[in-house]
Amino acid sequence: MTAAAESPLVRVEDVTKIYHLGAPDEVRAVRGISMTVSRGEVLVIEGPSGSGKTSLLTIIGCMSRPTSGQVLVGDRRVSRLSETALTSIRRETFGFIFQHLHLIPDLTVKDNVMLPLFPTRMTVPEMEDRVDRAIRSMRIDHRRSARAGRISGGEQQRTAIARALVNEPTIVIADEPTAHLDSELSAELLDILAELNRAGTTIIFATHDPRVIEHPIVSRRLVVRDGIIVEKTSP
Amino acid sequence: MSRARTFIVLGTLGLVVLGSLVGWTRYESRRWKRDDLPQLRALSSRLHLSDLALWTEARYTRHPSQADLFSAFQDSPGAPEHFPAGSIVSPSPVLTDPLSIVASGSGGRLRDAGSDGRRRAMPEERSPDVVAARGSSSGWAFTP
Amino acid sequence: MRRHLKILDFALASLQRRPFKNWAIIAVYAFTVAVVASVLFLTQSIRREAAQLFVGAPELTVQRMVGGRHVPIDIGVGETIAAFPSVVGVEPRFWGYTYDAVTESTITIMGAGPGMATIDLVEGRLPTRPTESAIGAGVAAMWGAEVGGEVILVDAATTGVLYEVVGTFESPSDILTNDLVVMTAEEAALFLGLPEGKATDLAVRVANDNEIDTIAAKVKRAFPDSRPITRSEVLRTYDAVFHWRSGMMLAVFSGGLIAFVILAWDKATGLSAEERREIGILKAVGWDTGDVLELKMWEGVVISSTSLILGLITAMVHVFVLGAPLLTPMLRGWSVLFPELHPTPHVDPYLLFAIGFLTVVPYVAATVAPSWKAAVTDPDEVVRG
Ligand SMILES: Nc1ncnc2c1ncn2[C@@H]1O[C@H](COP(=O)(O)OP(=O)(O)OP(=O)(O)O)[C@@H](O)[C@H]1O
Ligand SMILES: [Mg+2]
């Protein structure tokens with residue numbers, strides 16, 4: 001952790017997330033979690049399947065609003081923001097690598113990577129430039145005009161990362177990024193993310209993959225079980 | 001962006017084509033008004049034409065403005081009726097068969113048009129007999 | 001502005017993914033627009049032509065009615081009417097029909113009253129002797145006759161009569177003269193079997209247009225069994241007639257229209273799981289609800305405005321350049337002698353606007369509305385595979 005004076009990027013205060021509130025199939029996915037995300041760290045959120053990792057990540061990443069509790073991004077209270085403002089925070093601050101990638105299969109790699117930039121004020125040359133850099137850094141240049149559904153799993157993974165990076169986010173959130181990769185590709189992915197982290201990007205993983213948890217770049221671990229934090233470790 | 005530009009260019013092109021077609025129709029319509037219309041009006045005035053020669057199947061289609069007010073079902077054999085009855089009842093073959101038309105008349109004889117002398121020389125053509133002859137062949141009950 | 005263009009750009013990329021499907025929709029849509037517009041263009045331009053033409057028609061036609069039907073009128077009635085103030089002249093009209101069983105066509109016989117024999121739009125001249133006739137283009141084509149040739153017609157006494165063709169009507173007048181055989185008035189009366197002293201009806205020229213209705217009322221009072229038809233009634237008839245015809249054509253095509261609506265409905269409302277997922281992805285990567293709806297709007301605008309423009313151009317070329325060949329079979333009905341249509345190009349801008357509005361707005365609405373629900377849901381829904 002860096003100097004205490006520096007305020008955290010994201011602060012989560014006593015947050016709960018209840019799906020289908022009041023219905024018979026009500027699910028309490030997050031049951032009172034407080035935590036912070038600091039600049040430059042690599043945070044791993046660990047826990048068995050169904051423990052609430054993805055739910056917590058979507059709350060941190062401003063993709064869903066908590067049922068109760070507060071989320072602050074910088075010093076802005078998410079609950080007070082309009083949808084548009086929230087969307088622009090999400091766009092400017094976070095890059096998501098989804099558990100299931102969520103590429104649009106019949107768009108080209110290039111268009112997929114460009115997706116987050118369409119609704120911005122950025123000029124077209126700027127956009128092209130960003131996309132070029134992201135694609136090149138992921139080494140998928142040669143596939144840029146191929147449809148995302150027709151490239152290999154590893155290439156898809158890298159396309160998804162390129163898309164998460166194209167808006168140059170401060171925080172990259174990766175939800176079980178290695179779940180569908182063999183060890184070679186996982187290692188490559190972790191190398192890419194390690195390099196990003198060295199360049200200053202904050203990274204949050206949700207995983208139960210020991211290859212990630214035991215990777216040297218990890219600076220902090222939170223273990224979640226049944227929607228609450230049961231263990232905190234900072235090596 | 002290039003896609004958007006292409007679309008806008010093509011769309012504008014389409015609008016220009018459409019616009020020039022509209023312009024052309026205006027021009028043509030003005031030309032018709034200037035060149036053809038006076039002649040057409042003169043013709044319609046000379047021959048006292050009051051209707052469009054579009055549909056010849058019945059009086060109420062050939063001369064809609066002149067037709068009887070009450071009877072929709074008129075003037076077969078040209079017009080099998082549009083109304084439901086027309087799809088079931090067709091005009092009598094007596095009215096449509098060339099042979100029976102000729103047979104019912106003056107035996108398929110030809111006459112010269114107009115020549116009044118000739119016409120008067122054949123008074124039977126316009127006499128009640130002829131009417132009767134035609135009448136009886138189309139099944140009329142009364143003959144003079 | 002730039003943002004809107006970029007979203008349009010993405011909409012095009014998005015449509016490009018299914019080129020076959022989208023072009024098929026455009027084709028069907030443009031076809032529907034073309035058909036509806038063709039019918040409207042054609043009927044509107046014929047209607048307008050009629051309205052302009054019959055300014056030359058008699059101000060008043062007087063018929064005699066017996067038993068609700070139109071019967072020959074005494075020519076003597078004309079003398080009485082001619083004495084009414086403001087009446088410039090009265091002329092008996094001798095006209096009627098003859099059915100030619102060989103060609104199975106109904107021909108209109110028209111007597112040419114006194115007046116000039118040579119006139120514009122007649123190649124040759126009008127008949128001046130009983131053995132002569134001038135014929136419309138349809139009759140000429142049917143009989144293969146031209147000036148100098150002959151036609152044989154069967155008269156009221158079912159006698160075949162031979163006429164020399166001294167004139168044919170020229171093409172711009174087809175819509176008035178296609179099925180005409182014009183003879184001298186006397187010969188027409190004879191041919192049609194009109195009794196001595198009777199005419200089919202009387203054409204009345206009135207000097208002052210404001211007086212037409214007064215004269216009509218006077219005629220009706222003087223001859224209770226008469227039916228005066230004013231020129232404005234003629235025009236009104238033509239306004240009404242085409243509603244019926246175009247209505248029928250539209251009814252025939254409403255099948256296609258309904259099919260299209262179903263297609264559009266299915267396409268638009270049946271937001272597939274895939275499309276829903278796509279909207280979720282867009283939201284997850286930083287599009288807000290407005291952006292997603294704008295995207296959907298552009299998709300609708302691209303499809304519908306392309307179809308609209310293509311459809312309108314097709315309809316104009318079809319109706320005004322080609323003479324509506326695809327509508328003619330439906331318009332002609334049972335007619336055997338049907339004029340070749342060369343409607344005078346005329347397009348009411350209001351009509352174009354109405355077609356455009358009715359084409360684009362419902363389609364865009366049908367595209368945007370169903371996406372609404374998907375666009376407002378939180379993106380986290382999509383995050384779970
Ligand atoms: N939209 C939803 N509606 C209803 N229940 C939900 C929803 N999202 C998550 N849940 C439930 O909330 C709980 C937590 O789910 P979550 O996806 O956060 O777990 P997870 O730790 O990411 O699991 P995994 O490792 O399998 O991805 C689960 O029981 C899940 O079924
Ligand atoms: Mg998960």
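Computed from a prediction, not measured in an experiment: that's the story for all the values here. (Residues numbered from 1 in each chain as written. Chains lettered and ligands numbered in written order. Predicted model: local features only at pLDDT ≥ 70, side-chain atom pairs only at ≥ 80, totals over all residues. Heavy atoms only, no water.)

1. Thoughts on the overall build of chain C
Point 1. Across its full length, chain C holds 13 helices and 14 strands.
Point 2. Taken over C-alpha atoms, the radius of gyration comes to 30 Å for chain C, far larger than the 21 Å a tight globule of 385 residues would show.
Point 3. Dimensions of chain C along its principal axes, counting C-alpha atoms only, are 95 × 45 × 40 Å.
Point 4. Across the 385 residues that make up chain C, the buried fraction comes to 56%.
Point 5. Long-range contacts, defined as pairs at least 24 residues apart, comprise 79% of the intrachain contacts of chain C with a sequence gap of at least 6.
Point 6. Here chain C contributes 30 positive and 41 negative side-chain charges, whose respective centroids are spaced 12 Å apart. (Helix = DSSP H or I, 4+ residues; strand = E, 2+ residues; numbered from the N terminus. Rg over C-alpha atoms; globule rule 2.2 N^0.38 Å. Buried < 20%, exposed > 50% of the residue type's maximum accessible area, 1.4 Å probe, protein only. Contact = heavy atoms within 4.5 Å. Lys, Arg positive; Asp, Glu negative; His and termini not counted. Charge placed at Lys NZ, Arg CZ, Asp CG, Glu CD.)

2. Points about the overall build of chain A
Point 1. The secondary structure content of chain A amounts to seven helices and 10 strands.
Point 2. Taken over C-alpha atoms, the radius of gyration comes to 18 Å for chain A, in line with the 18 Å a tight globule of 235 residues would show.
Point 3. Across the 235 residues that make up chain A, the buried fraction comes to 57%.
Point 4. Residue pairs in contact within chain A that sit at least 24 positions apart in sequence constitute 68% of those at least 6 positions apart.
Point 5. Counting every atom, chain A has about 10,300 Å² of accessible surface; 48% of that belongs to carbon and sulfur.
Point 6. A distance of 4 Å separates the average location of the 30 positive side-chain charges in chain A from that of its 30 negative side-chain charges. (Areas by Shrake-Rupley, 256 points an atom, 1.4 Å probe, with all protein chains shown as cover.)

3. As for the site of ligand 1
Residues and elements named next belong to chain A.
Point 1. Near ligand 1 lie 16 residues; those nearest to it are Ser49, Lys53, Thr54, Ser55 and Glu176.
Point 2. Backbone polar atom of Gly50 to an oxygen atom of ligand 1: 2.9 Å apart, as the coordinates give it.
Point 3. The separation between an oxygen atom of ligand 1 and a polar side-chain atom of Ser55 is 2.6 Å.
Point 4. Taken by itself ligand 1 offers 630 Å² of open surface, and the protein chains cover 75% of this.
Point 5. Listed by contribution, the elements that provide at least two residues to the shell around ligand 1 are strand S2 (27-37) and helix H1 (53-60).
Point 6. With three residues, H1 is the single largest residue contributor to the shell around ligand 1.
Point 7. Looking at the shell around ligand 1 residue by residue, the classes come out as four nonpolar, eight polar and four charged. (Near = heavy atom within 4 Å. Polar contact = N/O pair within 3.5 Å; in protein donor to acceptor, adjacent residues only side chain to side chain. Nonpolar A, V, L, I, M, F, W, Y, C, P; charged D, E, K, R; others polar.)

4. Here's the deal with the interface of chain C and chain B
Point 1. If you look at the interface, chain C gives 111 residues, while chain B gives 78 residues.
Point 2. Of the roughly 8,000 Å² buried where chain C meets chain B, counting both sides, 63% is carbon and sulfur surface.
Point 3. The tally of links between chain C and chain B comes to two salt bridges.
Point 4. The residue Asp9 of chain C makes a salt bridge to Arg3 of chain B at a minimum N-O spacing of 3.2 Å.
Point 5. At the boundary of chain C and chain B, one finds 19 residue pairs in polar contact (both at pLDDT 80 or more).
Point 6. Tallied by class, residues from the side of chain C that touches chain B come to 67 nonpolar, 26 polar and 18 charged. (Buried area = accessible area lost by both parts, 1.4 Å probe. Salt bridge = Lys/Arg side-chain N within 4 Å of Asp/Glu carboxyl O.)

5. Structural notes on the coordination of the magnesium ion (ligand 2)
Residue and element names in this part refer to chain A.
Point 1. The magnesium ion (ligand 2) binds to the protein through Thr54 (OG1) and Gln99 (OE1); the donor distances cover 1.8 to 2.8 Å. Highlighted residues: Thr54 in helix H1 and Gln99 in the loop between strand S6 (94-97) and helix H3 (109-114), separated in sequence by 45 residues.
Point 2. Given a relative accessible area of 13%, Thr54 falls into the buried group. (Donors = N, O, S within 2.8 Å, 3.2 Å for Na, K, Ca; no water.)

6. Remarks on the confidence of the model for chain A
Point 1. Averaged over chain A, the pLDDT score is 89; the fraction of residues at 70 or greater is 97%.
Point 2. Counting contacts from residues 1-5 of chain A, a segment whose pLDDT is below 50, to residues more than four positions away or on other chains yields two contacts. (pLDDT = per-residue confidence, 0-100.)

7. Quick word on the sheet that holds strand S1 (residues 10-19) of chain A
Residues and elements named next belong to chain A.
Point 1. Spatial ordering of the open sheet is given by S2-S1-S4-S5, a layout of four strands whose pairing is antiparallel. Two strands lie at the open edges of the sheet, namely S2 and strand S5 (76-77), each paired on one side alone.
Point 2. As paired elements, strand S4 (residues 68-73) and S5 share two bridges and run antiparallel to each other. Across the sheet, residue Leu72 finds its bridge partner in S5, namely Arg77.
Point 3. In the packing of H1 onto the sheet, the strands contacted are S1, S2 and S4, and the crossing angle to S2 comes to about 50°. (Pairing = 2+ DSSP bridges. Axes fitted to C-alpha atoms, helices over the stretch in contact; angles between N-to-C directions.)

8. Some words on the side chain of Lys283 of chain C
Point 1. Looking at the secondary structure, you find Lys283 of chain C in helix H9 (residues 273-284).
Point 2. Overall, the relative accessible area of 2% leaves Lys283 of chain C in the buried class.
Point 3. A polar side-chain atom of Lys283 of chain C sits 2.7 Å from the main-chain carbonyl oxygen of Ala375 of chain C.
Point 4. Ignoring any residue separated from it by four or fewer positions in sequence, one finds Lys283 of chain C in contact with Glu83 and Arg90 of chain A together with Asp288, Thr289, Val292, Ala374, Ala375, Val376, Thr377 and Pro379 of chain C.

9. Considerations on the pairing of strand S11 (residues 180-184) of chain C
All names here are of chain C.
Point 1. Most of S11 sits inside the fold, with five of its five residues counted as buried.
Point 2. Where strand S8 (residues 132-135) and S11 come together, two bridges link them in antiparallel fashion. Paired with Ile135 across the two strands is Val181, which belongs to S11.

10. Notes on the packing of H9 of chain C against helix H12 (residues 349-376) of chain C
Residues and elements named next belong to chain C.
Point 1. Axis separation between H9 and H12 bottoms out at 9 Å; the angle between their running directions is 50°. Of the possible angle classes, the one that applies to H9 and H12 is oblique. The handedness of the crossing between H9 and H12 is right-handed. Side by side, H9 and H12 meet where Arg276, Ile279 and Lys283 of the first sit next to Ser371, Ala374, Ala375 and Val376 of the second.
Point 2. Considering only residue class, the contact of H9 with H12 consists of four nonpolar, one polar and two charged. (Parallel < 35°, antiparallel > 145°, perpendicular 65-115°, else oblique. Left-handed = near helix turned anticlockwise from the far one by under 90°.)

11. Considering the side chain of Arg91 of chain A
Point 1. For Arg91 of chain A, the location among the structural elements is in helix H2 (residues 83-93).
Point 2. For Arg91 of chain A, the contacting residues outside a window of four places in its chain are Pro116, Pro119, Thr120 and Asn167 of chain A together with Val285, Gly286 and Asp291 of chain C.

12. Some details on the environment of Pro119 of chain A
Point 1. Its location among the elements puts Pro119 of chain A in the loop between H3 and helix H4 (124-137).
Point 2. Not counting residues up to four positions away in its chain, the partners in contact with Pro119 of chain A are Arg91 of chain A together with Arg3, Gly286, Trp287 and Asp291 of chain C.

13. Focus on the pattern of salt bridges
Point 1. Tallied over the entire structure, the rule returns 36 salt bridges over all chains.
Point 2. Here Arg220 of chain A makes a salt bridge to Glu41 of chain A, at a shortest N to O gap of 2.9 Å. Linking Arg220 of chain A in strand S9 (residues 220-225) with Glu41 of chain A in the loop between S2 and strand S3 (42-46), this pair joins segments that are 179 residues apart in sequence.
Point 3. In this structure, Arg93 of chain C engages Asp201 of chain C in a salt bridge whose closest nitrogen and oxygen atoms are separated by 2.8 Å. With Arg93 of chain C in strand S4 (residues 87-93) and Asp201 of chain C in strand S13 (residues 201-206), this residue pair connects regions lying 108 residues apart in the sequence. This pair shows no difference in class: Arg93 of chain C is buried, exactly as Asp201 of chain C is.
Point 4. Salt bridges sharing partners connect three or more residues here, namely Asp106 of chain A together with Arg17, Arg18, Glu274 and Glu278 of chain C.

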